[in-house]
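Per-entry structural report
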Amino acid sequence: MHPIQPDQASFLRDMALDSMGGNHTLTRRVIEAIPLDKGDYRPDTVSKSALELAWHIAATEQRFFEAVTAGGFDFTPSPMPESIKNSADLGAWYGEMFTEKSRPLAQLTGEQLSKIIDFRGMFQLPAVVYLRFVQGHSIHHRGQLSMYLRPMGAKVPAIYGESYDSAQAKKA
């Protein structure tokens, strides 16, 4: 792979932030669709609960945004705050975190974005590439979380087009 040039890194960041904003809205919609009293639902004993999976999405985005901004990863554990009791609390936290942590990304220079960052010795990639990496991670887990919804009695929101539930709501 050829090194990413600073102007290319800035371009990739701008594209990533545009895409991430829309995906953030979709992910938050799925998180907030978890019934307030069903955050402990899990489809199998080895699966994360719905609220744990939603926290995993939100906390991972925060970690990656901070890593790109700082120029390196901090792997200090990030437990869910005690103030988060349900999906509404987590959705609000996620929205605030996204706004706060994505703003500094827009101010990074091309040089900062093209700096190579190590991820646990597994990847050594330009900082900007981790924005795409975390977006794919969030989309993957959002798909998992959306599959939890109907079995726990929730409606599946529209994601990349109508869901059955959003189409039925339109007809009503």
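Please read all numbers here as calculations on a predicted model, not as lab measurements.

With that out of the way, let us pick up the pattern of salt bridges. On inspection of all chains with the given rule, the structure shows seven salt bridges. Between E100 and K101 there is a salt bridge, with the nearest N and O atoms lying 3.6 Å from each other. With relative accessibility at 18%, the residue K101 sits in the buried group. D165 is the salt-bridge partner of R150, the closest N and O atoms lying 2.6 Å from each other. Within this pair, whereas R150 is found in the loop between helix 5 (129-149) and helix 6 (164-171), its partner D165 is found in helix 6, the two being separated by 15 residues in sequence.

Before going further, it helps to spend a moment on the packing of aromatic side chains. Scanning all chains against the criterion turns up 16 aromatic pairs. When the ring of F73 is compared with that of Y130, the centres are 5.2 Å apart and the planes differ by 80 degrees; the resulting orientation is edge-to-face. Here F73, found in the loop between helix 2 (50-70) and helix 3 (87-107), pairs with Y130, found in helix 5; they are 57 residues apart in sequence, far enough to count as distant. The pair formed by F73 and Y130 is uniform in burial state, with each residue classed as buried. The aromatic ring of F75 is capped on one face by R120, whose charged end is 3.9 Å from the ring centroid. Directly above the aromatic system of F119 lies the positively charged group of R120, at a separation of 5.9 Å from the ring centroid.

Basis of the calculations
Residues numbered from 1 in each chain as written. Predicted model: local features only at pLDDT ≥ 70, side-chain atom pairs only at ≥ 80, totals over all residues. Heavy atoms only, no water. Salt bridge = Lys/Arg side-chain N within 4 Å of Asp/Glu carboxyl O. Buried < 20%, exposed > 50% of the residue type's maximum accessible area, 1.4 Å probe, protein only. Helix = DSSP H or I, 4+ residues; strand = E, 2+ residues; numbered from the N terminus. Phe/Tyr/Trp six-rings, centres within 6.5 Å; stacked < 30°, edge-to-face > 60°. Lys NZ or Arg CZ within 6 Å of the ring centre and 35° of its normal.

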